[in-house]
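For reference, the chains in residue letters:
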Amino acid sequence: MADRVTVIGWDGSPLTAAARSALCAATLVAGAAHHLALPEVPPTAERIRLGSLGLAARRIAGHRGSAVVFADGDPGFFGVVRTLRAPEHGLEVEVVPAVSSVAAAFARAGMPWDDAQVVVAHPRTLRRAVNVIRAHGKVAVLTSPGAGPAELALLLEGVHRTFVICEELGTDREQVSVLTSDKAADHTWRDPNVVIVIGGAGQAPDAEPGWLFGQNPAHSRSAGRGWATPQADTGEGESAQLRAAQLARLGPRTGDLVWDIGAGSGRVAVDAAALGAAVIAVDADPRACDRVAAAARNRGVQIQIVAGHAPHVLENLPEPDVVRVGGGGAEVVAAVADRRPERIVSHASTRDEAEAIGRALTEHGYAVECALLQSVGLDTLTWAEQERSVVFLLAAERPVTR
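Residues numbered from 1 in each chain as written. Predicted model: local features only at pLDDT ≥ 70, side-chain atom pairs only at ≥ 80, totals over all residues. Heavy atoms only, no water.

1. Looking at the pairing of strand β2 (residues 28-31)
Step number 1: Alternating positions in β2 separate into two faces, Leu 28 and Ala 30 on one and Val 29 and Gly 31 on the other, with burial throughout.
Step number 2: Pairing between β2 and strand β3 (residues 46-49): four bridges, direction parallel. Bridge assignment links Val 29 to a residue of β3, and that residue is Arg 47.
Step number 3: Relative to strand β4 (residues 66-72), β2 runs parallel, the two sharing three bridges. Each residue of the ladder has a partner; that of Val 29, found in β4, is Val 68. (Buried < 20%, exposed > 50% of the residue type's maximum accessible area, 1.4 Å probe, protein only. Helix = DSSP H or I, 4+ residues; strand = E, 2+ residues; numbered from the N terminus. Pairing = 2+ DSSP bridges.)

What follows is the structure in C-alpha cells.
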C-alpha cells in the first residue's frame, strides 16, 4: 500500500506550497495529460494517465512510496476522493483542494449557484441528467465524452434552454460560449467542459438568498405544504384521495421522466414535478392544457405540455420512467406499456373498464394490482355527507429482469 496519497485539486492557478511539497516527495503521479505535463512533476516519478479510476486506485494501492493524484477542480466534489477512499482500496488520503469547476463556471457566467442542481453526465446517466434539466431552471452538468453539450441538446428536443458552455477551464485554451440549446448540437466541444443550463417558465429571480443548497426559496414558499390537496378537485375520477394514491404508486423522483396522459387539472403533473421529476403533461383539450400551464406557474415548477390525442401523440415523446394514464382506457394503457416504463397507474369508473385495463397490462408482462377506492366528503359542521367518490385504482409494475 502507498505510504502516502495526496490528492491535488487543479484549477489552473499556481500550485500551493502544500501541493509542491507533496509533488517533491512523490514516486508516483496520476492525472490527466495536462496534469502530468506540469513542470513540478518529478521526472523520476512513475506516471499514470488517469482513465479508469478503479484501475488507477488499484495501481496506487499496490505502490510502495508516496503517490500524488491530480484532479480538475475540487477532488472531493464528484471527484476522485470517493473512489480512492472506497473500502476495496483502503486508501487514506490528504486533499489539497482547489476551486471546483462548477464554481469556476458560475463565476465566469457571473451567476450565483446555491440554487442550482449539479449533475454528472456519463453515457449511462445521460437521460437522467437531461430529466433534471427538464425539471429545473438552473442546472450545472459535469460532462464526459459521449455525454457532452451536443448530446444534452439532442435529448432536450422540444424543451428550450440557454447553455453556458465552459471549455477547458483554467487553461490557456479556456473558452466560454453562450447559446440556445437548439444550436448546441451543431458544434464540436472540447473536453473537459461544464455546461450551465438555465431557463424555463419556472425559473425565479436570483435576488432572494436561500438557506438550502439546490433549492430556490421563492419556489419553496409558493409550493405550500403537502400534495394532492382537496381544494384542487375537479370532479369524479380526480379526487384528492385518488391523486394521492396514484402519486404514491408512481413514486416520482429526481431524474425520472413522468408522463401524465389526460392531465385534466394538472394537479398530478404539478405534484410530480414538485417532487423533483421531469413531467410531460398530455391532453387533447386546449383548455386543460391551459389549466396545466397555470397550475405549473402557480406552483413554480416546470412542465412540458403536449396537446394531442393519445396514443398517437405519444410516439415521438422521450422514454418515460413512470406513467399516469388519466384517460383513454385500455388502448392508451397498451400503447404506454409498449414503451416499457417501470410503473403505470390508471383508474376506471366501472369494473368492465378496470378489467380491460388490467388485462392489457398483464398481457404486456406487468404485475398488476387493483383496488376499489371509496371516499366520502363530510361537512364538519353537520357531519353530513357532501360527496362520494368510487373508483377502481390500477397500478402496474414492470418485472425486474436479472
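This is not the end of the story, as more comes after the structure.
2. Notes on unusual backbone geometry
Step number 1: In this structure, the amide linkage connecting Asp 191 to the following residue, Pro 192, adopts the cis form with an omega of -5°.
Step number 2: Among the secondary structure elements, Pro 192 is positioned in the loop between α8 (181-184) and β10 (193-198).
Step number 3: The step from Ala 310 to Pro 311 runs through a cis peptide bond, and the omega angle for that step is 10°.
Step number 4: Looking at the element boundaries, Pro 311 is found in the loop between β13 (304-307) and β14 (322-325).
Step number 5: Even without being glycine, Ala 228 reaches a positive phi, approximately 55°.
Step number 6: Counting through the fold element by element, Ala 228 comes out in the loop between α9 (217-223) and α10 (240-250).

3. Quick word on the nonpolar core
Step number 1: Grouped together as the largest cluster of nonpolar side chains are 26 residues, with contacts concentrated most on Trp 259, Ile 261, Leu 314, Val 325 and Val 336.
Step number 2: For this core, the element with the highest residue contribution is helix α13 (residues 329-338), accounting for four residues.
Step number 3: Dropping the residues within four chain positions of it, Val 336 is found in contact with Trp 259, Ile 261, Leu 314, Val 323, Val 325, Pro 341 and Ile 344.
Step number 4: Listed in part, the 21 residues of the second largest apolar core include Val 132, Val 141, Ala 153 and Ile 165. (Core = buried A, V, L, I, M, F, W, Y, C linked by side-chain atoms within 4.5 Å. Contact = heavy atoms within 4.5 Å.)

4. With respect to the packing of aromatic side chains
Step number 1: Per the counting criterion, the structure on display carries four aromatic pairs.
Step number 2: Measuring from ring centre to ring centre gives 5.1 Å for Phe 77 and Phe 78, while their planes differ by 70°; the resulting arrangement is edge-to-face.
Step number 3: With 6.5 Å between their ring centres and 75° between their planes, Phe 77 and Trp 113 make a pair best called edge-to-face. With Phe 77 in the loop between β4 and α4 (80-84) and Trp 113 in the loop between α5 (101-109) and β6 (117-120), this pair connects stretches of sequence that are 36 residues apart. (Phe/Tyr/Trp six-rings, centres within 6.5 Å; stacked < 30°, edge-to-face > 60°.)

5. A short note on the sheet that holds strand β17 (residues 385-397)
Step number 1: The strand order across the open sheet formed by seven strands is β13-β12-β11-β14-β15-β17-β16, and the pairing between neighbours is mixed. Each edge of the sheet is formed by a strand with only one pairing partner; in this case those strands are β13 and β16 (367-378). Adjacent strand axes in the sheet meet at a mean angle of 20°, parallel and antiparallel pairs treated alike.
Step number 2: Bridging between strand β12 (residues 278-283) and β13 involves four bridges; their strand directions are parallel. If you follow Ala 281 over to β13, its bridge partner there is Ile 305.
Step number 3: Running at roughly 160° to strand β15 (residues 343-348), α10 makes contact with β14, β15, β16 and β17 of the sheet.
Step number 4: Against the sheet, helix α14 (residues 351-363) touches β15, β16 and β17, its axis set at about 160° to β15. (Axes fitted to C-alpha atoms, helices over the stretch in contact; angles between N-to-C directions.)

6. Quick word on the packing of α13 against α14
Step number 1: Contact geometry of α13 with α14 gives a least axis separation of 9 Å together with a crossing angle of 20°. In terms of orientation, α13 lies roughly parallel with respect to α14. Like other packed secondary-structure pairs, α13 and α14 cross with a definite hand, here right-handed. Mapping the contact onto sequence places Gly 329, Ala 330, Val 333 and Ala 334 in α13 and Glu 353, Ala 356, Ile 357, Ala 360 and Leu 361 in α14.
Step number 2: Tallied by class, the residues present in the contact of α13 with α14 amount to seven nonpolar, one polar and one charged. (Parallel < 35°, antiparallel > 145°, perpendicular 65-115°, else oblique. Left-handed = near helix turned anticlockwise from the far one by under 90°. Nonpolar A, V, L, I, M, F, W, Y, C, P; charged D, E, K, R; others polar.)

7. Digging into the pattern of salt bridges
Step number 1: Within this structure, the stated rule accounts for 20 salt bridges.
Step number 2: Of the charged contacts, one joins Arg 59 and Glu 46 as a salt bridge, the two residues approaching to 2.5 Å between their closest N and O atoms. Of this pair, Arg 59 sits in helix α3 (residues 53-61) while Glu 46 is found in strand β3, placing the two residues 13 residues apart along the sequence.
Step number 3: The class of Glu 46 is partly exposed, set by a relative accessible area of 32%. (Salt bridge = Lys/Arg side-chain N within 4 Å of Asp/Glu carboxyl O.)

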